[in-house]
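# Residue-level structural notes
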Amino acid sequence: MSPTSPASPERSASPERPKNLTPTRRLTTAQALVAFLARQYTERDGRRQRLISATWGIFGHGNVAGIGQALVEAGHGGNGTAHRMPYLQGRNEQSMVHAAVGYARQSGRLSAQAVTTSIGPGATNLVTGAALATINRLPVLLLPGDTFATRPADPVLQQLEVPYAGDVSVNDCLRPVSRYFDRITRPEALIPAALQAMRVLADPAETGAVTLALPQDVQAEAYDWPEEFFAERDWHVRRPAPDTYELETAVRAIRSARRPLIVAGGGVRHSAAEETLAAFTAATRIPVASTQAGKGALRHDHPADVGGIGHTGTATADELARTADLVIGIGTRFSDFTTASGTLFADPAVRFLHLNITAFDAHKLAALPLVADARAGLEALTAALAGRGYRVDPAYETEYTGAKEAWEERVEASFATPDPTARPTQTQVLGLLDDLVTEEDILINAAGSLPGDLHKLWRTRSRDQYHVEYGYSCMGYEIPAAIGVLLAAGTGQRTRPVWALVGDGTYLMNPTEIVTAVQENLPLKLLILQNHGYASIGGLSASVGAERFGTAYRHRDPDGGFTGPPLPVDLAANAASLGLRVLRAATVDDLRKALSEARDAEGPTCVYVETETPDTVSGPPPAQAWWDVPVAETASRPAAVKAREEYDRQVAARRRHL
């Protein structure tokens with residue numbers, strides 16, 4: 001087949017060609033893929049946008065002459081056309097995926113980004129980011145280079161040789177962390193694979209990491225592609241309504257409940273169901289607790305919002321969970337942090353009702369399933385209950401609103417800064433930030449002790465302010481994710497303030513994308529809390545009898561441990577060396593001024609503060625529910641023996657909800 005249009009120098013004319021054949025365009029596989037991606041759109045509720053908005057890339061021999069050259073052809077510098085493919089330069093492959101995931105979450109899963117790498121270590125660096133995307137149900141397209149499909153050079157540089165299988169490459173490690181995987185060993189195989197990839201990315205029940213492994217020779221191979229492949233294509237993001245039988249069963253369960261509790265998860269946000277949830281609670285007065293992904297489903301000052309639930313939750317939410325007779329999960333996976341490892345929902349007769357877009361999640365904990373989009377399901381429940389007069393007992397409403405007020409007093413105590421000349425604690429840092437931000441600001445965090453403090457204490461002011469990645473809890477996510485959020489959240493001349501909150505352990509894991517923020521002049525607000533080690537795991541280590549072993553950043557002592565002076569690491573100087581403007585804060589007063597200055601900054605800015613340990617001053621409230629981290633069953637050291645006794649006491653309360 002020969003192409004028919006003379007517009008492209010890559011198309012050849014053939015006078016003998018029958019006119020009834022399908023028009024084609026001659027491109028390399030990589031050029032065809034980039035052209036295809038630039039013409040894919042999502043549509044939901046009448047809103048249409050690009051499915052793949054840009055491509056991140058680091059180039060090597062496995063993709064430079066394929067996808068790299070195709071991005072040049074696509075006019076990534078901006079040629080004014082609707083179908084160009086913008087290119088974003090990353091510094092670490094894992095970080096590029098994190099940035100793309102941050103972008104997808106901020107975009108409501110309606111727009112995503114692609115990530116291209118070379119073969120070998122560039123490709124395997126994608127695995128952590130892919131796992132994070134898939135666990136959190138967030139779309140990202142991965143385009144790792146692969147070894148030669150035709151094997152003219154075998155082994156090629158960076159190729160993994162597997163004696164028992166000639167068709168295995170390092171990219172196969174992406175299979176278990178991808179929602180869809182294909183290796184494109186012939187150009188024409190791209191057509192069905194690309195369509196399947198888009199289907200999964202746009203499917204609210206299936207989405208996650210999608211991998212198309214691209215052998216380097218196939219990327220550069222030319223083929224006559226049917227013009228229809230490059231037509232604009234809309235992928236409708238559906239809102240499935242609940243089944244009639246499941247809806248009636250759910251209504252009966254709610255009407256018979258005396259102490260119902262809603263657990264709002266990330267599905268509320270992905271479905272843009274916040275207003276619908278507010279309307280449902282206004283009608284029923286059922287209190288709403290939130291998972292890490294669901295925090296912000298209601299504003300912190302909404303009467304029905306009782307805060308985070310589970311191991312990092314509030315006393316209000318966890319006490320309600322212990323006495324609830326019906327737990328209504330909305331868009332949540334019910335992870336062990338939410339269920340307190342199966343110890344939280346203690347009422348002997350407790351039942352579960354799960355509204356979820358995936359049947360897999362809707363059936364967890366032997367629940368009554370309501371398989372539907374969160375917004376569509378809530379609308380149906382609200383309508384079905386409207387004429388039946390259901391509302392919780394006023395005494396129950398008084399109980400949880402009073403408990404909410406009492407918890408707010410504990411939050412105020414944790415945030416209080418009585419001495420402005422003192423070094424702040426971590427919770428006092430959050431209190432100063434709480435005083436400063438508005439509903440415009442977005443906070444990003446993922447690991448360490450900050451997620452627990454934030455889940456318990458943070459006062460969320462808007463549906464997308466709270467961005468804590470706790471499905472994979474990946475250290476190093478915050479900075480690149482903030483870049484992705486900035487790319488998605490910028491509005492005209494005014495870019496929303498985006499804060500990346502990191503402890504020192506997280507910062508040392510992955511600071512490289514600071515360079516990207518500087519290159520793009522993105523107004524990232526990086527807040528580094530220097531606490532000399534893995535503070536969160538240090539506390540956990542102490543609680544399970546491991547005596548904080550290996551969790552502090554200190555010099556070795558004569559006995560071989562790490563109890564010497566703190567290491568003389570200057571993270572502020574490191575951030576400055578990567579191009580950030582750095583504001584150092586030594587006291588509460590310094591920090592208040594630095595945070596305000598950083599918020600107003602037009603370029604990327606870092607605030608650095610060394611935090612005080614909460615041993616002698618106010619800290620966060622302790623955990624309000626248990627979390628199962630197994631403790632050594634036999635030990636000689638007293639700390640471990642004591643920890644095992646506590647473990648045996650706690651684990652006895654675990655139950656399986658059947």
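In the block above lies the structure referred to throughout.
The paragraphs below set out a description of the structure included in this document. (Residues numbered from 1 in each chain as written. Predicted model: local features only at pLDDT ≥ 70, side-chain atom pairs only at ≥ 80, totals over all residues. Heavy atoms only, no water.)

### Description of the sheet that holds strand β7 (residues 140-146)
Sheet architecture is open: six strands sit in the order β5-β4-β6-β7-β9-β8, paired in parallel fashion. Unpaired on one side and paired on the other, β5 (87-89) and β8 (180-183) mark the two borders of the sheet. Each adjacent strand pair in this sheet contributes to an overall mean axis angle of 20 degrees, direction not counted. Examined bridge by bridge, β7 and strand β9 (residues 209-215) share five bridges and lie parallel to one another. By the bridge assignment for β9, Asp146 is matched with Pro215. Running at roughly 160 degrees to β9, helix α6 (residues 190-201) makes contact with β4 (52-57), β7, β8 and β9 of the sheet. (Pairing = 2+ DSSP bridges. Helix = DSSP H or I, 4+ residues; strand = E, 2+ residues; numbered from the N terminus. Axes fitted to C-alpha atoms, helices over the stretch in contact; angles between N-to-C directions. Contact = heavy atoms within 4.5 Å.)

### Some thoughts on the nonpolar core
Counting 52 residues, the largest nonpolar core has Ile254, Leu277, Ile309, Ile330 and Phe345 as the members making the most contacts within it. Examining the composition of this core, we find that six residues originate from one element, helix α14 (residues 374-386), more than from any other. Ile442, Ala489, Cys606 and Tyr608 belong to the second largest nonpolar core, which has 50 residues in total. (Core = buried A, V, L, I, M, F, W, Y, C linked by side-chain atoms within 4.5 Å. Buried < 20%, exposed > 50% of the residue type's maximum accessible area, 1.4 Å probe, protein only.)

### Side note on the environment of Asn445
Mapped onto the elements of the fold, Asn445 is located in strand β18 (residues 442-445). Accessibility expressed as a relative area gives 0% for Asn445, which makes it buried. Linking Asn445 and Val582, residues 137 residues apart in sequence, is a C-alpha distance of 20 Å. Excluding anything up to four places from it in sequence, Asn445 contacts Leu450, Pro451, Leu454, His467, Val468, Glu469, Glu478 and Leu501.

### Let's talk about the environment of Tyr647
Take Tyr647: it is sitting in helix α24 (residues 638-651). For the pair formed by Tyr647 and Asp393, sequence separation is 254 residues and the distance between their alpha carbons is 37 Å.

### A few points about the sheet that holds β18
Taken together, six strands build an open sheet; the order of strands is β19-β18-β20-β21-β23-β22 and the sheet is parallel. The open sheet is flanked by β19 (466-468) and β22 (581-585), the only strands paired with a single partner. Between one strand axis and the next, the sheet turns through 20 degrees on average, direction left out of account. Across six bridges, strand β21 (residues 524-530) lies against strand β23 (residues 605-610) in parallel orientation. In the sheet register, Leu529 faces β23, and the bridge partner there is Val609.

### Quick word on helix α23 (residues 588-600)
In this model α23 runs 19 Å from its N-terminal to its C-terminal C-alpha over 13 residues, within 8% of the 18 Å that 1.5 Å per residue would give. When we look at burial in α23, the residues that qualify are Val588, Leu591, Ala594, Leu595, Ala598 and Arg599. All buried residues of α23 project into a common sector of 130 degrees when viewed along the axis, lining one side. Exposed residues on α23 whose side chains face more than 90 degrees from its buried face are Lys593 and Asp600. Looking at the buried residues of α23, the elements they touch are α16 (426-436), β20 (498-503), β21, β22 and β23. (Expected span 1.5 Å × (residues − 1). Arc of directions from axis to C-beta.)

### What about the pairing of strand β6 (residues 112-117)?
Within β6, six of the six residues are buried, which leaves the element mostly enclosed by the surrounding structure. Across the two faces of β6 the burial is the same, with Ala112, Ala114 and Thr116 and Gln113, Val115 and Thr117 all buried. By the bridge criterion, four bridges tie β4 to β6 in an arrangement that is parallel. Each residue of the ladder has a partner; that of Thr55, found in β6, is Ala114. As judged from the four bridges shared by β6 and β7, these two strands associate in the parallel manner. Residue pairing for β7: Val115 is matched across the bridge by Leu142.

Note that every value here comes from positions in space, so none of it alone points to a role or purpose.
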